[in-house]
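If you want the building blocks of each chain, they are given just below.
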Amino acid sequence: MQVDLEADGASVEGLPRFQQGLFHARRLRQAGISLTTLAVAGWVFALFVALFAPLSIWPVVLINCSSALLVLVAGLQSAWWVADWRAQSLEEPSADVPVADTQGYTRLIGRLGSGLLAQIGTPVLWLCGWSLLVLVSIFEFWNLALPAAAVGQSASIGAALALALAFGLLVFERRLAQETLTQWPEAAQLAQLSRVAIICLVISAICLLFAGAESVWPLRLATLMGLLPALVALEFLLRGVLSLFSPRQPRLEPRLMAQSFIAGLLRWPPQPLLALQHELHNRFGIDLRQIWAFTYMRRAFLPVLLVVLAVGWSLTGVHEVPLQGRGIYERFGKPVEVFGPGLHAGLPWPLGRVLNVENGVVHELATSVSEAATPELASAEGPAPTIANRLWDASHVNDKSQVIASSSGDKQSFQIVNMDVRFVYRIGLTDQAALAATYNSADVPTLIRSTASRILVHDFASRTLDELLGEQRTSLADEVGRAVQADLNKLDSGVEILATVVEAIHPPAGAANAYHGVQAAQIGAQALISRERGAASEQTNQALLQASTVRDQAQASAREVNAGAQAADLRFAAERKAYATAGKAFVLEQYLGQLSQGLANAKLLILDHRLGADGAPTIDLRSFTLPADPMAPRKAVQ
């Protein structure tokens, strides 16, 4: 019940909560300062540890415990504002000065103005500030993927300190729980907030005591523990925001703002419905006890719950097998049938259960994998991962060292090579293979890797490096695959080897430089041989070219002489035929023709000796051209 100073100014002095207001404020101040010091120290220590061991359990535990203490500090400070208001109301009942504000806060408001900040109020600002700090701290250190690691003797010391602090808070909570509603109305709410810090401290101590190199659940529990103070802080933040819509009345007794419905559920026995019923009745005047439907629901809750549990238990006998899987149905611990993909019904758990088995899923397994190095995931647009480097001068994750035979002249020795042999396998598609893979092998990859290692050692004992790097490398994968499959069949493992891939065979990284020198010498010798063979082939081809040219020229000359002889023969035959036909005329014509050719460029005057005085001179006009154009008009000759 709130008190108005203007109406009940004279009667507040007789109320116990007003009489003890100064005492309550002093106790809250001392407790708040102590818990704030512890919370800030834990928060700073968590940041310091996170710099050196970010994946340890300590930063999560320290932040969650500090956040739980800060939630309690926020409640104590909110209760201190109410107790301080009551103490000042008895000392200064004047209406001119707001009794809920301190002098420092009044000067701050005077500097910043009387706007929105003055209307919000100091309690709301502090409550929202603590809540935001808690939420940000838990969110920044939230990590459900923390790896398990040994914590050492420090975990026992930390657990002891947490239990000691939890015991001190338990004493504080018991003292608050003994306060009556008339003497201290806020004591019950503060006791509930104290339980939040106590639970976080106790759970943190349990996580530290059971944390180890093989235990993962303490890390998960320590991380999930932060949900409790985070939910309470979120509720405080919501209440602070909603309080902005309520008008501030300085003369009216304030109510505790740091009330938490979630913290109110931390009681034994838990009664969430009763707390909700009281909240509705006190705030809205709704009494759920007068509603018949809720009464019937309370009476029928247990039978309905039993029926739901029975139906849910019977539904555990319905099993869904995915498309890429199979299921081995066990009835009273004995395998009865192999289920295919789909829905199947059987006895409910634990009378019947289904063990999942792969159905045609193909896997790739390397014969040797380093546990210290994990493969890096490379982006599609980024550079190639380190495991893709096939250079001999680098050690690879999946390489396995083998001792092989070596022969140097007439001496027998051994060599060491690194190889990357991979097997592509799957569980057999038959029901017998599924049963064998489930019950005969505890770890199928380990079985394949050990069998392959033994076969590789036996097989490489009779091979040399030149054979492995030469023509026998192609048949090596098939031989190894058949040998591994034969041994797996003898063991009745239910595994089917689909392919054997020899990714790389090379000398160890330390001997890579020496082997590079050997290979360089071999390559140089082969290059010299090839160069000499090329020179010999070039000389042979040049001689063949010259011989071919001489032969072609001789054949051309013979052909030309033969053609000339044939032409002379044809000309002689033609001339003889012409002489037989024309006689001396042909001879004269040939004589004149030869004479004209020989004297074509000479200026001669030929006189025939047969020309006499009694004969008229004769001029041969056949070789003369006309002196004028015959088509032109002629003039008369006088």
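Residues numbered from 1 in each chain as written. Predicted model: local features only at pLDDT ≥ 70, side-chain atom pairs only at ≥ 80, totals over all residues. Heavy atoms only, no water.

Peer 1: Mind laying out the sheet that holds strand β2 (residues 325-331), listing which residues take part and the relevant values?
Peer 2: One open sheet holds the three strands; their spatial order is β3-β2-β5, and the pairing between them is antiparallel. In the strand order of this sheet, the two ends are held by β3 (334-339) and β5 (352-358), each with one partner. Averaged over all pairs of adjacent strands, the angle between their axes in this sheet comes to 30°, without regard to strand direction. In terms of strand pairing, β2 meets β3 through five bridges, oriented antiparallel. When the bridges of β3 are listed, Arg331 appears paired with Lys334. Against the sheet, helix α15 (residues 431-439) touches β2, β3 and β5, its axis set at about 70° to β2. (Pairing = 2+ DSSP bridges. Helix = DSSP H or I, 4+ residues; strand = E, 2+ residues; numbered from the N terminus. Axes fitted to C-alpha atoms, helices over the stretch in contact; angles between N-to-C directions. Contact = heavy atoms within 4.5 Å.)

Peer 1: An account of empty space enclosed by the protein is needed here, citing residue identities and associated values.
Peer 2: On inspection of all chains with the given rule, the structure shows one cavity of 30 Å³ or more. Reported here for the largest cavity is a volume of approximately 30 Å³. Every residue lining the largest cavity is listed: Ala74, Gln77, Ser78, Trp81, Pro123, Trp126, Leu127 and Trp130. Residue assignment for the lining of the largest cavity shows that the elements contributing at least two residues are α4 (57-91) and α7 (122-140). (1 Å grid on protein atoms, 1.4 Å probe; cavity = no way out; pocket = protein on both sides within 12 Å on 5 of 7 lines; lining within 4 Å. Points joined across faces, edges and corners; volume = space filled by probe spheres on them.)

Peer 1: Can you lay out the environment of Ile497 for me, pointing to particular residues and giving the numbers?
Peer 2: Looking at the secondary structure, you find Ile497 in strand β9 (residues 495-506). Counting along the chain gives 13 residues from Ile497 to Val484, while the straight-line C-alpha distance between them is 8.0 Å. Among residues more than four places away in sequence, those in contact with Ile497 are Phe423, Val424, Tyr425, Ile448, Val484, Gln485 and Leu488.

Peer 1: Which residues make up a nonpolar patch on the surface, and what are the values?
Peer 2: On the surface, a nonpolar cluster with roughly 610 Å² of combined accessible area is contributed by Leu163, Val202, Ile206, Leu209, Phe210, Trp217 and Leu221. Those elements giving two or more residues to the nonpolar patch turn out to be α9 (187-210) and α10 (217-224). Ranked by residue count, the leading element in the nonpolar patch is α9, at four residues. Looking at the secondary structure, you find Leu163 in helix α8 (residues 154-177). (Patch = residues over 30% accessible without salt bridge, like charges linked within 9 Å, V, L, I, M, F, W, Y side chains within 5 Å. Areas by Shrake-Rupley, 256 points an atom, 1.4 Å probe, with all protein chains shown as cover. Salt bridge = Lys/Arg side-chain N within 4 Å of Asp/Glu carboxyl O.)

Peer 1: Any chance you could break down the confidence of the model for the protein chain for me, citing the residues and the numbers?
Peer 2: With 70% of its residues at a pLDDT of at least 70, the protein chain reaches an overall mean of 77. Here residues 93-106 scores under 50 on pLDDT; set against residues more than four positions off or in separate chains, the count is 24 contacts. Taken together, the stretch residues 370-374 has pLDDT below 50 and engages in two contacts with residues farther than four places along the chain or on a different chain. (pLDDT = per-residue confidence, 0-100.)

Peer 1: Mind laying out the packing of α9 against helix α11 (residues 227-242), listing which residues take part and the relevant values?
Peer 2: For any two helices packed against each other, one specifies the inter-axial angle together with the distance between the axes. Their axes nearest at 10 Å, the elements α9 and α11 cross at an angle of 155°. With respect to α11, the element α9 is oriented roughly antiparallel. Seen from above, α9 lies across α11 with left-handed handedness. Contacts between α9 and α11 involve Leu193, Val196, Ile199 and Cys200 on the former and, on the latter, Leu228, Pro229, Val232 and Phe236. Across the contact of α9 with α11, the residue classes tally to eight nonpolar, no polar and no charged. (Parallel < 35°, antiparallel > 145°, perpendicular 65-115°, else oblique. Left-handed = near helix turned anticlockwise from the far one by under 90°. Nonpolar A, V, L, I, M, F, W, Y, C, P; charged D, E, K, R; others polar.)

Peer 1: Go over α10, please, and point to the residues and values.
Peer 2: Two residues of an α-helix separated by three or four positions point the same way, owing to the 3.6 residues in each turn. All buried positions along α10 are accounted for by Pro218, Leu219, Ala222 and Thr223. Down the axis of α10, the buried side of the element spans an arc of 135°, and every buried residue falls inside it. (Buried < 20%, exposed > 50% of the residue type's maximum accessible area, 1.4 Å probe, protein only. Arc of directions from axis to C-beta.)

Peer 1: Would you mind going over helix α3 (residues 21-52) in detail, with residue names and values included?
Peer 2: The end-to-end C-alpha distance of α3 is 47 Å, a good match for the 46 Å that 32 residues give at a rise of 1.5 Å each. Of the positions making up α3, those classed as buried are Gly21, His24, Ala25, Arg27, Leu28, Ala31, Gly32, Leu35, Ala39, Gly42, Ala46 and Val49. Residues of α3 that are buried sit in contact with α2 (16-19), α4, α8 and α9. (Expected span 1.5 Å × (residues − 1).)

Peer 1: So what about the pattern of salt bridges? Which residues, and what values?
Peer 2: Under the criterion given, the structure shown has nine salt bridges. Notably, a salt bridge pairs Arg86 with Glu186, separated by 2.7 Å at the nearest N-O pair. Taken as a pair, Arg86 in helix α4 and Glu186 in the loop between α8 and α9 lie far apart in primary sequence, 100 residues in all. By relative accessible area, which is 5% here, Glu186 ends up buried. In this structure, the salt-bridge partner of Glu235 is Arg239, at a minimum N-O distance of 3.2 Å. Separated by four residues within a single helix, Glu235 and Arg239 lie in helix α11, roughly one turn from each other. A residue is classified by how much of its surface remains accessible, and Glu235, at 13% relative accessible area, is buried.

Peer 1: Just give me the short version of the UniProt feature "transmembrane region" (unreviewed entry) in the protein chain, but keep the residues and values in it.
Peer 2: UniProt records the feature "transmembrane region" (unreviewed entry) at residues 33-55, 61-83, 116-139, 151-172, 193-213, 219-238 and 300-318, using the numbering of this structure. A distance of 34 Å separates the end C-alpha atoms of residues 193-213, which is 86% helix and 0% strand. Taken end to end, residues 219-238 comprises 90% helix and 0% strand; its first and last C-alpha atoms sit 30 Å apart. (UniProt positions renumbered as here; feature names shortened; annotations may be inferred.)

Peer 1: Go over the nonpolar core with me, naming the residues and quoting the values.
Peer 2: Core analysis: the largest hydrophobic core is formed by 68 residues, its most contacted members being Leu28, Ile57, Leu76, Leu169, Leu190, Leu193 and Phe236. Of all elements in the fold, only α3, α4, α7, α8, α9, α10 and α11 reach the threshold of two or more residues within this core. With 19 residues, the top contributor of residues to this core is α4. Listed in part, the 21 residues of the second largest apolar core include Phe423, Ala434, Leu456 and Leu488. (Core = buried A, V, L, I, M, F, W, Y, C linked by side-chain atoms within 4.5 Å.)

Peer 1: Outline the packing of α4 against α11, listing residues and values.
Peer 2: Here α4 crosses α11 at 35°, and the two axes come no closer than 9 Å. As for the relative orientation of α4 and α11, their crossing is left-handed in sense. Across from Asn64, Ser67, Ala68, Val71 and Ala74 in α4, the residues of α11 making contact are Pro229, Val232, Ala233 and Phe236. Taken together, the residues of the contact of α4 with α11 sort by class into seven nonpolar, two polar and no charged.

Peer 1: Describe unusual backbone geometry, listing the residues and the values that go with them.
Peer 2: The peptide bond linking Trp349 to Pro350 adopts the cis configuration, its omega dihedral lying at 5°. Within the element layout of this structure, Pro350 appears in the loop between β4 (342-345) and β5. Phi is positive for Phe332, close to 55°, though the residue is something other than glycine. Note that Phe332 resides in the loop between β2 and β3.

Peer 1: Explain the state of the cysteines residue by residue, including any values.
Peer 2: Evaluated as defined, the whole model comprises zero disulfides. You can see Cys65 has no disulfide; the closest cysteine sulfur is in Cys200, sitting 6.5 Å from it. (Disulfide = S-S within 2.5 Å.)

Peer 1: Tell me what's going on with the side chain of Glu330, and back it up with residues and numbers.
Peer 2: With respect to the element layout, Glu330 can be found in strand β2. Given a relative accessible area of 4%, Glu330 falls into the buried group. Within polar-contact distance, the side chain of Glu330 engages the side chain of Tyr439 at 2.5 Å. With near-sequence residues (within four places) excluded, Glu330 lies in contact with Pro335, Leu351, Gly352, Arg353, Leu355 and Tyr439. (Polar contact = N/O pair within 3.5 Å; in protein donor to acceptor, adjacent residues only side chain to side chain.)

Peer 1: Now, about the environment of Leu135: what can you tell me, with residues and values included?
Peer 2: Mapping Leu135 onto the fold places it in helix α7. Of the residues examined, Leu135 reaches a relative accessible area of 23% and is grouped as partly exposed. Taking the C-alpha atoms as reference, Leu135 lies 9.8 Å from Leu237; in sequence the two are 102 residues apart. Discounting residues that sit within four places of it in the chain, Leu135 has contacts with Ala230, Ala233, Leu234 and Leu237.

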